[in-house]
Amino acid sequence: MSLESLTIDRKNQILYAMLQSATIQDGGDDKSTSRYTRLLAYNVSDASVRSPLVGEWVVPLPLSDKDNTEECNEIHFVSPGIFLALSRDGDGHGGDDDNTKYKNADLFSIVGATNIHGTSFDDPSNPIATDGKLNKNIIPATYVSFVQFHEENGLERFGLHNGQSDYPSISSNILNLFGSTDSPADETLIDAKWESLTLAPVGDPDFPDDFFLFSVVRTAHIRRRYGLDANAVIKADNDFLTTDGVSLGKSCSGIALTLREKYPSQYQLYKSFCEKSSPKDLIGTCLLIPGEKHYIACLFTSRDYGKRKDKPSEILAATSRFNSGKFGVLWEDTEKVLLDLGVSMVVYTPK
């Protein structure tokens with residue numbers, strides 16, 4: 001499990017980090033047993049020394065209707081011992097299911113909870129939970145539901161929806177993009193990935209304790225011309241599953257192997273395309289393969305794989321050949337198109 005969440009108590013200079021769900025020894029290898037995660041606290045008041053760990057608590061994450069853990073993707077310090085937590089499922093636009101059941105900004109408190117820092121629970125052989133059951137000697141944080149981002153009436157105020165679309169005004173081009181005019185995966189479907197959380201004061205002197213709650217969705221709006229309507233909009237960063245590709249049509253390891261196993265029909269299209277093409281002609285190009293939920297973008301950056309793969313310098317050269325290289329388009333022209341999209345992105349220029 002990863003440390004997805006980070007926040008700071010600025011007054012006391014305590015940095016808090018929390019795991020997305022339980023560690024492996026605490027049950028993190030299965031969603032049905034990964035509820036009990038760990039919140040860590042570091043004293044960052046002295047930048048001249050390595051920040052020491054000063055506290056550790058157990059936080060019980062919410063469960064789905066199937067008793068699976070709703071993982072936490074962000075926390076925010078509210079006041080001493082009190083935190084906001086962005087916990088969610090992986091459903092919505094770009095997810096496995098169009099209907100999201102949990103996307104919340106919740107509250108939890110470590111006041112009165114057991115500080116397990118410096119105890120036997122620091123030893124991986126002594127887990128805080130076994131088979132999803134918390135050790136009886138640990139008092140966990142108190143966790144309560146607070147704001148539901150997926151609440152239908154709230155979504156409608158922003159022209160969004162959850163699950164099946166009830167909006168007849170949605171463009172047929174957008175619906176057709178996903179393979180069916182009945183598809184709820186249109187441009188107004190709530191996104192699967194919500195990964196940030198913060199508070200900002202309203203600034204009303206009569207109500208000094210009023211705050212705005214912001215949660216920025218991890219999205220990108222990308223216009224594309226790969227045989228689709230030029231006005232079509234793809235939303236959410238995981239509409240594209242991207243992998244380095246070799247021009248021999250083989251996916252032998254890493255994420256490429258996973259894609260082959262999870263998307264066998266798309267892999268066959270990729271393999272057939274490579275077999276009909278010359279490896280030298282594919283280098284520096286991209287093959288876009290449509291799928292039911294995702295588009296797979298295969299970037300051809302090496303002619304072979306394993307010990308026969310191209311040199312790093314050649315792979316980098318192939319990566320930089322998009323548009324400005326093999327296609328012979330001036331970078332200034334490509335840059336203008338990207339700027340016109342109005343999205344934030346980072347461009348790395350090879351030396």
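Residue positions are given per chain, counting from 1 as you read along its sequence in written order. Only residues with pLDDT of at least 70 are given local features in this predicted model, and only at 80 or more are side-chain atom pairs given and counted; all residues enter the totals for whole chains, interfaces and linings. The side-chain numbers reported here are obtained from all heavy atoms of the structure, hydrogens and water having been left aside.

A. Region of interest: the overall build of the protein chain. Within the protein chain one finds seven helices and 17 strands. Expressed as a percentage of its 351 residues, the buried residues of the protein chain come to 39%. If you take every contact in the protein chain between residues at least 6 apart in sequence, the share linking residues at least 24 apart comes to 56%. Residue-level accessible areas treat just the shown protein chains as cover; the underlying method is Shrake-Rupley with a 1.4 Å probe. When the accessible surface of the protein chain is split by element, carbon and sulfur atoms take 53% of a total near 19900 Å². Comment: elements are numbered from the N terminus, with helices defined as DSSP H or I runs of at least four residues and strands as E runs of at least two. Categorising residues by exposure relies on relative accessible area from a 1.4 Å probe, with only protein chains included: less than 20% of the type maximum marks a residue as buried, more than 50% marks it as exposed, and the intermediate range marks it as partly exposed. Note on contacts: a residue pair is in contact if any heavy atoms of the two residues lie within 4.5 Å.

B. Fine view of the nonpolar core. Formed by 19 residues in total, the largest nonpolar core has its most connected members in Tyr16, Met18, Leu39, Val59, Ile75, Phe108 and Ile110. Counting only elements with at least two residues in this core, the list comes to β2 (14–19), β3 (36–43), β4 (53–60), β5 (72–79) and β6 (82–88). Once residues lying within four places of it in the same chain are set aside, the contact partners of Phe108 are Met18, Leu39, Val59, Ile75, Gly81, Ile82, Phe83, Leu84, Ala85, Ala141, Thr142 and Tyr143. In this text, buried Ala, Val, Leu, Ile, Met, Phe, Trp, Tyr and Cys residues form a nonpolar core when linked through side-chain atoms within 4.5 Å.

C. Up close: the sheet that holds strand β10 (residues 142–148). The criterion for strand pairing is that DSSP finds at least two bridges linking the strands in question. Spatially, β5-β6-β7-β10 is the arrangement adopted by the four strands of the open sheet, whose pairing is antiparallel. Each end of this open sheet is capped by a strand with a single partner; those strands are β5 and β10. With direction set aside, neighbouring strand axes in the sheet form an average angle of 25 degrees. Pairing of β6 with strand β7 (residues 103–109) involves seven bridges; the strand directions are antiparallel. Each residue of the ladder has a partner; that of Phe83, found in β7, is Phe108. Axis angles are defined between N-to-C directions and span 0 to 180 degrees, where every axis is a line fitted to C-alpha atoms and, for a helix, only to the segment in contact.

D. How the structure looks around the pattern of salt bridges. We count a salt bridge whenever a side-chain nitrogen from Lys or Arg sits within 4 Å of a carboxyl oxygen from Asp or Glu. Per the stated rule, a full pass over the model turns up four salt bridges. Residue Glu195 is joined to Arg88 by a salt bridge in which the shortest nitrogen-to-oxygen separation is 3.0 Å. Of this pair, Glu195 sits in the loop between α2 (172–177) and β11 (198–201) while Arg88 is found in strand β6, placing the two residues 107 residues apart along the sequence. For Arg88, a relative accessible area of 10% translates into the label buried. A single network of salt bridges, built from pairs that share partners, joins Asp26, Arg38 and Glu56.

E. The arrangement of the sheet that holds β3 in detail. Spatially, β1-β2-β3-β4 is the arrangement adopted by the four strands of the open sheet, whose pairing is antiparallel. At either end of the open sheet lies a strand with only one pairing partner, and these are β1 (3–9) and β4. The sheet shows a mean angle of 20 degrees between the axes of neighbouring strands, taken without regard to direction. In this sheet, β3 lies alongside β2 in antiparallel orientation, the contact comprising five bridges. Each residue of the ladder has a partner; that of Leu15, found in β3, is Tyr42.

F. Geometry of the packing of aromatic side chains. Any two rings among Phe, Tyr and Trp, with Trp reduced to its six-membered ring, count as a pair given centres within 6.5 Å; such a pair is stacked if its planes are under 30 degrees apart, edge-to-face if over 60, and tilted if neither. One pass over the structure, following the stated rule, counts seven aromatic pairs. Judged by centre distance (6.3 Å) and plane angle (10 degrees), the ring pair of Tyr16 and Phe77 falls under stacked. Of the two residues, Tyr16 sits in strand β2 while Phe77 sits in strand β5, which places them 61 residues apart along the sequence. Each of the two residues, Tyr16 as well as Phe77, counts as buried. Taking 4.8 Å as the distance between ring centres and 75 degrees as the angle between the ring planes, the aromatic pair formed by Tyr16 and Phe83 counts as edge-to-face. Linking Tyr16 in strand β2 with Phe83 in strand β6, this pair joins segments that are 67 residues apart in sequence. We note that Tyr16, like Phe83, is buried. Ring pairing ties together the aromatic residues Tyr16, Phe77, Phe83, Phe108 and Tyr143, which thus form one cluster.

G. Highlighting a nonpolar patch on the surface. Patch membership needs two things, relative accessible area over 30% and no salt bridge, and members are linked within 9 Å if like-charged or within 5 Å if nonpolar (Val, Leu, Ile, Met, Phe, Trp, Tyr). A surface patch of nonpolar side chains, amounting to about 260 Å² of accessible area, comprises Val202, Phe212 and Phe214. Mapped onto the fold, Phe214 is located in strand β12 (residues 211–214). Judged by relative accessible area, which is 42%, Phe214 ranks as partly exposed.

H. Spotlight on the environment of Asn126. Within the element layout of this structure, Asn126 appears in the loop between β7 and β8 (129–130). For Asn126, a relative accessible area of 26% translates into the label partly exposed. Not counting residues within four places of it along the chain, the set of residues in contact with Asn126 comprises Ser120 and Phe121.

I. Focus on the side chain of Thr23. Inspection of the secondary structure puts Thr23 in the loop between β2 and β3. Residues contacting Thr23, with those up to four places away along its chain left out, are Gly28 and Arg38.

J. How the structure looks around the confidence of the model for the protein chain. Confidence of the predictor at the level of single residues is given by pLDDT, which spans 0 to 100. Looking at the protein chain, the pLDDT average stands at 77 and 68% of residues meet or exceed 70. Within the protein chain, strand β13 (residues 222–223) has the poorest average pLDDT of any element, 30, and β4 the best, 98. Low confidence marks residues 165–183, where pLDDT is under 50. Its contacts with residues over four positions away, or in another chain, come to 33 contacts. Below a pLDDT of 50 lies the segment residues 219–248, which in the model reaches 99 contacts outside its immediate sequence neighbourhood of four places, other chains included.

K. Spatial organisation of unusual backbone geometry. Positive phi, close to 55 degrees, is recorded for Gln13, a residue that is not glycine. Positionally, Gln13 belongs in the loop between β1 and β2. Owing to a relative accessible area of 29%, Gln13 belongs among the partly exposed residues under this scheme. Phi is positive for Asp67, which is not a glycine, with a value near 65 degrees. In this fold, Asp67 is placed in the loop between β4 and β5.

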